[in-house]
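Examining the three-dimensional arrangement
The chain contents come next:
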2 protein chains.
Amino acid sequence: MIVVVTPNPAVDVTYRVARHVPGETNRVLEVHRRPGGKGLNVARVLAGLAVEVRALLPLGGDAGRWVAGELALPHDVSPIAGETRTTVTIDGDGHPTVYTEPGPLTTDAEWARFGELLARRLVGADLLVVSGSLPRGADSGLLGDWVRAAHQLGVRVLADVSGPALLAAASAGADVVKPNLGELLEATSAGDETAGAATLSRLGARLVVVSRGGDGIAAHLPDAVVEVPAVPGVAGNPTGAGDAATAGLAAALVEGVPLAEALRRAAALGAAAVLCPVAGEVDLPAYHRFLDVNGASA
Amino acid sequence: MIVVVTPNPAVDVTYRVARHVPGETNRVLEVHRRPGGKGLNVARVLAGLAVEVRALLPLGGDAGRWVAGELALPHDVSPIAGETRTTVTIDGDGHPTVYTEPGPLTTDAEWARFGELLARRLVGADLLVVSGSLPRGADSGLLGDWVRAAHQLGVRVLADVSGPALLAAASAGADVVKPNLGELLEATSAGDETAGAATLSRLGARLVVVSRGGDGIAAHLPDAVVEVPAVPGVAGNPTGAGDAATAGLAAALVEGVPLAEALRRAAALGAAAVLCPVAGEVDLPAYHRFLDVNGASA
């Protein structure tokens, strides 16, 4: 079983407008709401792959109640007093515009209760995935706590986080950290991917997997780099592609396949997510086609 | 007592961003949420003037529950199955950008229950104010029903509505309709204010009050026009100024002051609202100063 933590879940709202006119009043033609947050996308893709998964998330307020009611996944809620955040995406002409709320202030006592719930759920689990941002004001040291809690129970950890939380996960010895290239460079202040991955390895990360968008995925080991190319000629909605790749990597880690094969699955799932309009969904037939393509070219 | 109907209330969300960049992800620095809708603004200003007021509104879903919990006004809720809408305002550099959801689909049975509640509340009332849009798909004929229900009980009606609802209110013989100039021209397809007001009078409106923003307020009677200028030199947040003017007009109607004095109060309250950052609030000391200024210049 894979336990997936979403530290800062959201109500993801998409507004379709005929034409997006900043500085004016825009009448919304259609409203779509769904539970959001990178961890939930990862968990949804895993469930779509028929992998046993359990989502763990703090939720609060009316928005939190709504998210809990909509979740079609096995999950545990750790209640908080603050209001779960909302993200708003404006889907009009041109590139989508996104507004992300910082997330609720969460007390130390609430995080302590979350940690206790996590420790209970990790008993007997195969892998812990932590994916997405921490809410405003949260101590990035939480990542270290969660990594250590998992390791004490013999559970490996994949951390798909950014900024100080990425450094904290690496420092605590996370088995896999999976930033995208921009996040890697930003968190480590490194000049290039190799230097950034070396920094995370030096801090303690056992494996550094870097998603490069259209340029594929690379896994940095202490003495080697394993790379797979992106699936060529795939166009669509890149939102959630990184989360699908994380899910593919997580599933492959649990299955124990060789690293190059794990990366191929991650790349193929990321591409299959690009074909779907909604984050957290993948085009499974396309995934299997892409696996063949990439397998042949590898 | 003034009964104020808000047919399409909202959760008004304001996002403060450092810089508004369309087509990108914008991190929200501050989130403010408050119950919104023009009728609620009118009711809040009336309450601020110590006028006895009761708000009536349909509410549904988690958003509706939230609005009901936050309302610091005497009010009655008519429950609906749909989710009360949200409006999002982006407050960054430059003009605010606003996204308005269309509002919940509301069934005929739900509107019938709303009408029954309204009829009960109108017994002994001094005035009915209907302010703001109807939700998506609602029949503008509702305005006619409400006007007739009020008149049957001897209660006058002030309708601050637009589009087909404005025509319906006029046709049912609303005592006062109060569009702004843009709404008047749009609803009547008239070429100018005089022609537009004549159309509404011909339909049946007893008095047509037109707010002209910086150019003051005019009341069109069958045989005369009464005008007051705007308070000069007032700069700030125009959102909610029209609602404050509606409140001033409503309070003056109930008090029975002469029409020119009612318009002066409306103009002064509108200007006093411009000085406040939040719709539904007015700067009362400024209101009284503005009354003196306009009184002297009238």
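Moving on to the side chain of B:Asp175. Residues and elements named next belong to chain B. For aspartate 175, the position within the fold is in the loop between helix H5 (163-171) and strand S10 (176-177). Residue classification places aspartate 175 among the buried residues on the basis of a relative accessible area of 13%. Side-chain polar atoms of aspartate 175 contact the side chain of histidine 151, separated by 2.7 Å. Sequence-distant contacts of aspartate 175, that is, excluding residues within four places in its chain, are made with His151, Arg156, Val157, Arg206 and Leu207.

Right, let's get into the interface of chain B and chain A. Taken together, the contact between chain B and chain A spans 26 residues of the former and 26 residues of the latter. Summing both partners gives a buried area of about 2,200 Å² for chain B against chain A, and 51% of it is carried by carbon and sulfur. Considering only the side of chain B, the residues that lose the most area to chain A are B:Asp62, B:Tyr99 and B:Glu101, jointly responsible for 24% of the buried surface there. Our count for the contact surface shared by chain B and chain A stands at 2 salt bridges. Two residues, A:Glu101 and B:Arg33, come together in a salt bridge whose shortest N-O distance is 3.0 Å.

Its rotation angle being 180 degrees, the transformation that places chain B on chain A also includes 0.1 Å of axial translation and leaves an RMSD of 0.0 Å. Considering both components of the superposition, the chain copies are consistent with a two-fold axis. The rotation axis passes nearest to the C-alpha of B:Asp62 in chain B, at a distance of 2.9 Å. A high fraction, 96%, of the interface residues of chain B reappear at the interface in chain A, so the copies pair face to face through one surface.

This paragraph deals with the sheet that holds strand S6 (residues 85-91) of chain B. Taking strand neighbours around the barrel as the criterion, the 8 strands line up as S2(A)-S3(A)-S7(B)-S6(B)-S2(B)-S3(B)-S7(A)-S6(A) in a closed arrangement whose pairing is mixed. In this sheet, adjacent strand axes meet at a mean angle of 30 degrees when their direction is disregarded. Note: strand S2 (residues 10-17) of chain B against strand S3 (residues 25-36) of chain B, 8 bridges, orientation antiparallel. Pairing of B:Thr14 across the sheet is with B:His32, part of S3(B).

To continue, consider the packing of helix H3 (residues 108-122) of chain B against helix H4 (residues 141-152) of chain B. All names here are of chain B. Relative to each other, H3 and H4 sit at 25 degrees, their axes nearing to 10 Å. Classed by the angle they form, the pair H3 and H4 counts as roughly parallel. Both H3 and H4 take part in a crossing whose hand is right-handed. On the side of H3, the interface is formed by Trp111, Phe114, Leu118 and Leu122, while H4 contributes Leu142, Trp146, Ala149 and Ala150. Here the contact of H3 with H4 is composed, by residue class, of 8 nonpolar, no polar and no charged.

For the structure on display, the rule yields 9 aromatic pairs over all chains. Taking the centre distance of 6.4 Å and the plane angle of 45 degrees together, the rings of A:Tyr15 and B:Tyr99 count as tilted. Taken together, the residues A:Tyr15 in strand S2 (residues 10-17) and B:Tyr99 in strand S7 (residues 97-100) connect one chain to another. A residue is classified by how much of its surface remains accessible, and A:Tyr15, at 1% relative accessible area, is buried. With a centroid separation of 5.4 Å and an interplanar angle of 50 degrees, the aromatic rings of A:Phe114 and A:Trp146 are classed as tilted. Here A:Phe114, found in helix H3 (residues 108-122), pairs with A:Trp146, found in helix H4 (residues 141-152); they are 32 residues apart in sequence, far enough to count as distant.

Residues and elements named next belong to chain A. Taking burial as the measure, the 5 residues of strand S9 (residues 156-160) include 4 buried ones, the bulk of the element. When strand S8 (residues 127-131) meets S9, the two strands line up parallel, connected through 5 bridges. Bridging across to S9, valine 129 finds its partner in leucine 158. Following the chain from S8 across H4 to the adjacent parallel S9, one finds a crossover that is right-handed.

Criteria and cut-off values
Residues numbered from 1 in each chain as written. Chains lettered and ligands numbered in written order. Predicted model: local features only at pLDDT ≥ 70, side-chain atom pairs only at ≥ 80, totals over all residues. Heavy atoms only, no water. Helix = DSSP H or I, 4+ residues; strand = E, 2+ residues; numbered from the N terminus. Buried < 20%, exposed > 50% of the residue type's maximum accessible area, 1.4 Å probe, protein only. Polar contact = N/O pair within 3.5 Å; in protein donor to acceptor, adjacent residues only side chain to side chain. Contact = heavy atoms within 4.5 Å. Buried area = accessible area lost by both parts, 1.4 Å probe. Salt bridge = Lys/Arg side-chain N within 4 Å of Asp/Glu carboxyl O. Least-squares fit on C-alpha atoms with pLDDT ≥ 70 in both. Pairing = 2+ DSSP bridges. Axes fitted to C-alpha atoms, helices over the stretch in contact; angles between N-to-C directions. Parallel < 35°, antiparallel > 145°, perpendicular 65-115°, else oblique. Left-handed = near helix turned anticlockwise from the far one by under 90°. Nonpolar A, V, L, I, M, F, W, Y, C, P; charged D, E, K, R; others polar. Phe/Tyr/Trp six-rings, centres within 6.5 Å; stacked < 30°, edge-to-face > 60°. Right-handed = clockwise from strand over helix to strand, strands pointing away.

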